Amino acid sequence: GMSGEAYRRRHEITVTGDEVPPPLTSFETTGFPSEILKEVLNAGFSAPTPIQAQSWPIALQSRDIVAVAKTGSGKTLGYLIPGFIHLKRSCNDPRLGPTVLVLSPTRELATQIQVEAVKFGKSSRFSCTCLYGGAPKGPQLKELDRGADIVVATPGRLNDILEMRRVSLSQVSYLVLDEADRMLDMGFEPQIRKIVKEVPARRQTLMYTATWPKEVRKIAADLLVNPVQVNIGNVDE
Ligand code: ADP
Ligand code: MG
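Residues numbered from 1 in each chain as written. Chains lettered and ligands numbered in written order. Predicted model: local features only at pLDDT ≥ 70, side-chain atom pairs only at ≥ 80, totals over all residues. Heavy atoms only, no water.

The feature "short sequence motif: Q motif" (unreviewed entry), as annotated in UniProt, sits at residues 25-53 in this numbering. Annotated as 45% helix and 0% strand, the span residues 25-53 places its first and last C-alpha atoms 5 Å apart. (UniProt positions renumbered as here; feature names shortened; annotations may be inferred. Helix = DSSP H or I, 4+ residues; strand = E, 2+ residues; numbered from the N terminus.)

Here's what the structure looks like:
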């Protein structure tokens, strides 16, 4: 196979951080549990995308990560699969609150992430609840009460539910800020900061973004600890 360096050059991957592990260039080399590999192969995917290949081994080391890659590059599974593996290790009771929390800017994107989480987490039997505005809270609260390993939420609705004290984030140890640039563009920064205050400091934080402007750098500097950064292609600021 190709060396890690050659794969990075070919796919325009640049990394910053200490001792960044080489990319996992095929599914066979990931070492993923068989029930997860099974779903990936069922989906008909032939190889990891570059952002997956490089961010998986970093995330699997439980390190914080900033991943900058354009739309359509496969970022969702980039954070979901390490999140699944994190969940398997954590053994938390989902009725006490989620272990994995994904923040997403819109109802549509949050729903897509949930669909992906259900599809690829099916054999692992994870429960996933999606929280978004523009819909009644009742059914979402009912689902939460049944217990969720994974919560995918828009910041506004999650804050409302936190204020009602209907969910606890005290068990969250894997926090994803997806489409961070869009969330900030939409004015969600105050809500994001309030939510993160409820998440224990002892956690892994992953930020996925299509662009890397100074507002995103600032919040990354505040919320992530010694992150490894992975860029695919030219990074738009
Ligand atoms: P992004 O979040 O970067 O915009 P998505 O995670 O939504 O991208 O992925 C875009 C599409 O690519 C989705 O339909 C997803 O199922 C598909 N996809 C993800 N990983 C792979 C892969 N390794 N091989 C082929 N297709 C993939
Ligand atoms: Mg995405």
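Attention now moves to the pattern of salt bridges. Per the counting criterion, the structure on display carries 9 salt bridges. Across the salt bridge formed by Arg8 and Glu5, the nearest N and O atoms sit 3.2 Å from each other. With Arg8 and Glu5 both in helix α1 (residues 4-10) and 3 residues apart, the pair spans about one turn of that helix. Residue Arg8 is classed as buried on the basis of its relative accessible area, which comes to 9%. Through salt bridges with shared partners, one network takes in Glu189, Arg193, Lys218 and Asp222. (Salt bridge = Lys/Arg side-chain N within 4 Å of Asp/Glu carboxyl O. Buried < 20%, exposed > 50% of the residue type's maximum accessible area, 1.4 Å probe, protein only.)

On to the pairing of strand β3 (residues 100-103), then. Both faces of β3 are covered, namely the face carrying Val100 and Val102 and the face carrying Leu101 and Leu103. Sheet topology places β3 next to strand β5 (residues 150-153); 4 bridges connect them, and they run parallel. Its bridge partner lying in β5, Leu103 is registered against Ala153. Alignment of β3 against strand β6 (residues 174-177), held across 4 bridges, turns out to be parallel. Each residue of the ladder has a partner; that of Val100, found in β6, is Tyr174. (Pairing = 2+ DSSP bridges.)

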